[in-house]
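Chain by chain, the residues run as shown.
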Amino acid sequence: SMAERAEEGPRLAELLAAGRRLLEEVENGVEPSSGAPAVQDKVRQGLEALQKAAAMVEQLDLFSENEELEEVASADLKYMLLPALLGSLTMKQVDLSKRLEHLESARTHFWRFLKLCRSYGLGNFNLPPPGPPAEDNGDIPASRGPAATQANLVAMASSRQAKIERYKQKKELENRLASMKSSVESGQADEDQIREFYILQIRKWINTSLEEIESIDQEMVIVRNRGTAKQPSAPPHGTSRQARPPFKPFILTRDVAQAKVFGAGYPGLPTMTVDDWYDQRRKQGIVSAQTAPQRAPGVTDEELQKQQQEKKEEEDDEEALQKARKWDDWKDTHPRGYGNRQNMG
């Protein structure tokens, strides 16, 4: 009934306003980390308000697939933004164990928003597929070869061009919105201006949603490749990556005896045998166990010998080998810097 509709009106407007305000506070907040409890509280409250508002919009049947934009009341246009705002707040959640779930949910919200805009003829864009790209299904060979490379380069260039266009558009839209904002909010704007203001907002969010879907699809690949979404996935917006431990210089020696000798001459530099160095690199996850000389499963001794023989033949430039060996022997008996007497002291 009309009375109910009038009752829903202010409540719906308040819920939308609250959700938007909380999203803005999270985006422009002073908290250094998006994972801070205070920030995550706002994310939760914002999601709650927007979900209630979205349920009401559904109940009131505000939008329909076969309706023209002119038929939507100016005051109702702002509710078209609900799914985009929901997508944006969903992305602000930082629980890594649920990352994949959040990415899927946010993508669905952004996609619904774009589909709604398309049905009203808003914005000129290609609707992305409803779900993320399927996981690798092994048909990679098709995308090899010069023609495919050329096609990929063309696609990359046009997608870059589209991004530049979108960026320009977004800046232009933001400037126009900023110049109209005060007159709309102070109630001085007439209906046409209000209408234009909301449509500009929708267009701005179309650009944002297209960008978000693109980055969600990329992040999903990463999260899936980490085996399970339970392992820490790509950091959510606003958190810093764990840096790799800094690299310390050292002298690499062949064995423990040599490490002792060199250690005496260079007190400032730690020495390490090749094995130690290799273990350390493996612990840091820089080299995988796979890089160790290993035989493939099911390889017999004969095959192994044959492989080694072939490798030998590749390197059978005997003279070069002898030279290298002599140089090695010489280095074993002469510490680093031997004979360099110019910079004494």
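See the structure shown above.
First things first, this report covers the structure right here in the doc. (Residues numbered from 1 in each chain as written. Predicted model: local features only at pLDDT ≥ 70, side-chain atom pairs only at ≥ 80, totals over all residues. Heavy atoms only, no water.)

Brief notes about the packing of aromatic side chains
Aromatic ring pairs: the centre-centre distance and the angle between the two ring planes describe each pair. Filter applied, for reference: Pairing of aromatic rings covers Phe, Tyr and Trp, the last through its six-membered ring, and needs centres within 6.5 Å; plane angles under 30 degrees mean stacked, over 60 mean edge-to-face, and all others mean tilted. For every residue, the accessible area (1.4 Å probe, protein chains only) is compared with the maximum for its type, and the residue is labelled buried under 20%, exposed over 50%, or partly exposed between those bounds. Whether a charge sits over a ring depends on NZ of Lys or CZ of Arg being within 6 Å of the ring centre and within 35 degrees of the ring normal.
All chains considered together, the criterion is met by three aromatic pairs. Taking the centre distance of 6.0 Å and the plane angle of 50 degrees together, the rings of Phe197 and Tyr198 count as tilted. Pair check on accessibility: Phe197 and Tyr198 agree, each one buried. Arg118 extends its terminal NZ or CZ atom over the ring of Phe125, reaching a point 5.6 Å from the ring centre.

Here we look at the environment of Val26
Heads up, the rule is: Only DSSP runs of H or I covering at least 4 residues are called helices, and only runs of E covering at least 2 are called strands; the numbering of each starts at the N terminus. Residue contacts are counted whenever heavy atoms from the two residues lie within 4.5 Å of one another.
Residue position: Val26 is located in helix α1 (residues 2-27). On the basis of relative accessibility, which here comes to 15%, the residue Val26 falls in the buried class. For the pair Val26 and Ala38, spaced twelve residues apart in sequence, the C-alpha to C-alpha distance is 9.4 Å. Residues in contact with Val26, not counting those within four places in the same chain, are Val39, Lys42, Val43 and Lys92.

Regarding helix α2 (residues 37-60)
Selection criterion: The span you would expect from a helix comes to 1.5 Å times its residue count less one.
Spanning 24 residues, α2 covers 35 Å between terminal C-alpha atoms, matching the ideal 34 Å at 1.5 Å per step. When we look at burial in α2, the residues that qualify are Val39, Gln40, Val43, Gly46, Leu47, Ala49, Leu50, Ala53, Met56 and Val57. Backbone geometry just downstream of α2 places Asp61 in the positive-phi region, at approximately 55 degrees.

Quick word on the layout of surface pockets
This is how it is decided: Space inside and on the surface of the protein is sampled on a 1 Å grid over the protein atoms alone, with a cavity defined as a set of points where a 1.4 Å probe fits but cannot get out and a pocket as an open set with protein on both sides within 12 Å along at least 5 of 7 lines; lining residues have an atom within 4 Å of a point. Grid points are joined across faces, edges and corners, and a volume is the space filled by probe spheres set on the points. Amino acid classes used here: Ala, Val, Leu, Ile, Met, Phe, Trp, Tyr, Cys and Pro are nonpolar; Asp, Glu, Lys and Arg are charged; the rest, including Gly, are polar.
Considered as a void within the structure, the largest pocket measures approximately 840 Å³ in volume. Lining the largest pocket are 30 residues, and of these Arg20, Glu24, Gln201, Lys204 and Trp205 sit closest to its centre. Counting residues per element, the ones that place at least two in the lining of the largest pocket are α1, α3 (82-91), α5 (146-185) and α6 (191-225). Class assignment for the residues of the lining of the largest pocket results in twelve nonpolar, five polar and 13 charged. Each pocket or cavity is described by its volume, and for the second largest pocket that value is around 610 Å³. What lines the second largest pocket is a set of 23 residues, and nearest its centre among them are Asn124, Phe125, Arg166, Asn207 and Leu210.

What to know about the pattern of salt bridges
One side chain can pair with another of opposite charge once the charged atoms of both are near each other. Convention followed: Only one rule defines a salt bridge in this text: a Lys or Arg side-chain nitrogen within 4 Å of an Asp or Glu carboxyl oxygen.
Taken as a whole and assessed by the stated rule, the structure comprises 15 salt bridges. Here Asp41 ties to Arg44 by a salt bridge, and the two come within 2.5 Å at their closest N and O atoms. Of this pair, Asp41 and Arg44 are both found in helix α2, three residues apart, which corresponds to roughly one turn of the helix. Two residues, Arg176 and Glu196, come together in a salt bridge whose shortest N-O distance is 2.7 Å. With a gap of 20 residues between them, Arg176 in helix α5 and Glu196 in helix α6 connect regions that are remote in the sequence. A relative accessible area of 37% places Arg176 in the partly exposed class.

In short, geometric facts, not functional conclusions.
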